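Next come the chains, spelled out residue by residue.
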Amino acid sequence: MKAKSSAARCRVVLIVGIVVFSLASCRGMNGFSGVSAARYPYLPDSMNEDVDLSVAEFAAVRLTAYYNCPGNLTAKLMRQSARCFLGPDSVDLFVDTVTQASWDVHVAGARFSVSDDQVVRAYAEAGDIAMDWLRRFFPGVDEAHMRVIFSIKGYQIGVYNSGQFVIAR
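Residues numbered from 1 in each chain as written. Predicted model: local features only at pLDDT ≥ 70, side-chain atom pairs only at ≥ 80, totals over all residues. Heavy atoms only, no water.

**Q** Break down the pattern of salt bridges for me, citing the residues and quoting the values.
**A** Inspection of every chain in the model, using the stated rule, returns five salt bridges. Note that R39 is salt-bridged to D50, the shortest N-O span being 3.0 Å. Here the residue R39 occupies a position in the loop between β2 (18-20) and β3 (50-54), and D50 occupies one in strand β3, the gap between them amounting to eleven residues. Among the charged side chains, a salt-bridge network with shared partners connects D132, R135 and E143. (Salt bridge = Lys/Arg side-chain N within 4 Å of Asp/Glu carboxyl O. Helix = DSSP H or I, 4+ residues; strand = E, 2+ residues; numbered from the N terminus.)

**Q** Describe in detail the pairing of strand β5 (residues 77-86), supporting the description with residues and values.
**A** Pairing between strand β4 (residues 71-72) and β5: two bridges, direction antiparallel. Within the sheet, the bridge partner assigned to N72 lies in β5 and is M78. Between β4 and β5, which pair antiparallel and follow one another directly, the connecting turn spans four residues. Here β5 runs beside strand β6 (residues 91-99); their pairing, made up of nine bridges, is antiparallel. Bridged to R83 within β6 is F94. Hairpin connection between β5 and β6: a loop of four residues separates the two successive antiparallel strands. (Pairing = 2+ DSSP bridges.)

**Q** I'd love a proper account of the pairing of β6, names of residues and values included.
**A** The buried count for β6 comes to eight of nine residues, which makes it a mostly enclosed element. By the bridge criterion, seven bridges tie β6 to strand β9 (residues 146-152) in an arrangement that is parallel. In the strand pairing of β9, V95 is matched with F150. (Buried < 20%, exposed > 50% of the residue type's maximum accessible area, 1.4 Å probe, protein only.)

Encoded structure:
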């Protein structure tokens, strides 16, 4: 059985899909250590239970919370959503996109009206930006263990890893 380090774990309360962090009760590595989270009398006991999160799991939640909304990504692509997960071999960031009005080349599904080479260049640029997000939230993690999986309107386009974007067809 592993010993839990207070420097590597944080206690939070999950409330119907929303994570409430009591920063005043979390101090240590990255500002966290184990002290019971706040209790809310109107919630059932099951929703007032403490939950252990690793610093990496907390980083994935934070990254998702910050980037999981529409926003500018590049001159050609807009971010629709972003969700970060810790996979068995890598940190996986799923980024759903749409094209900018000035680069209206999306036809339907995973198809574009431009060459695959142009799509690869556009998503490689977006991959560089998304890797900056991952580096910020996961410092010290080897980039070979970070992937950005891109989709457009829910249709998978490809995967960015180690500086290269590969179309998923």
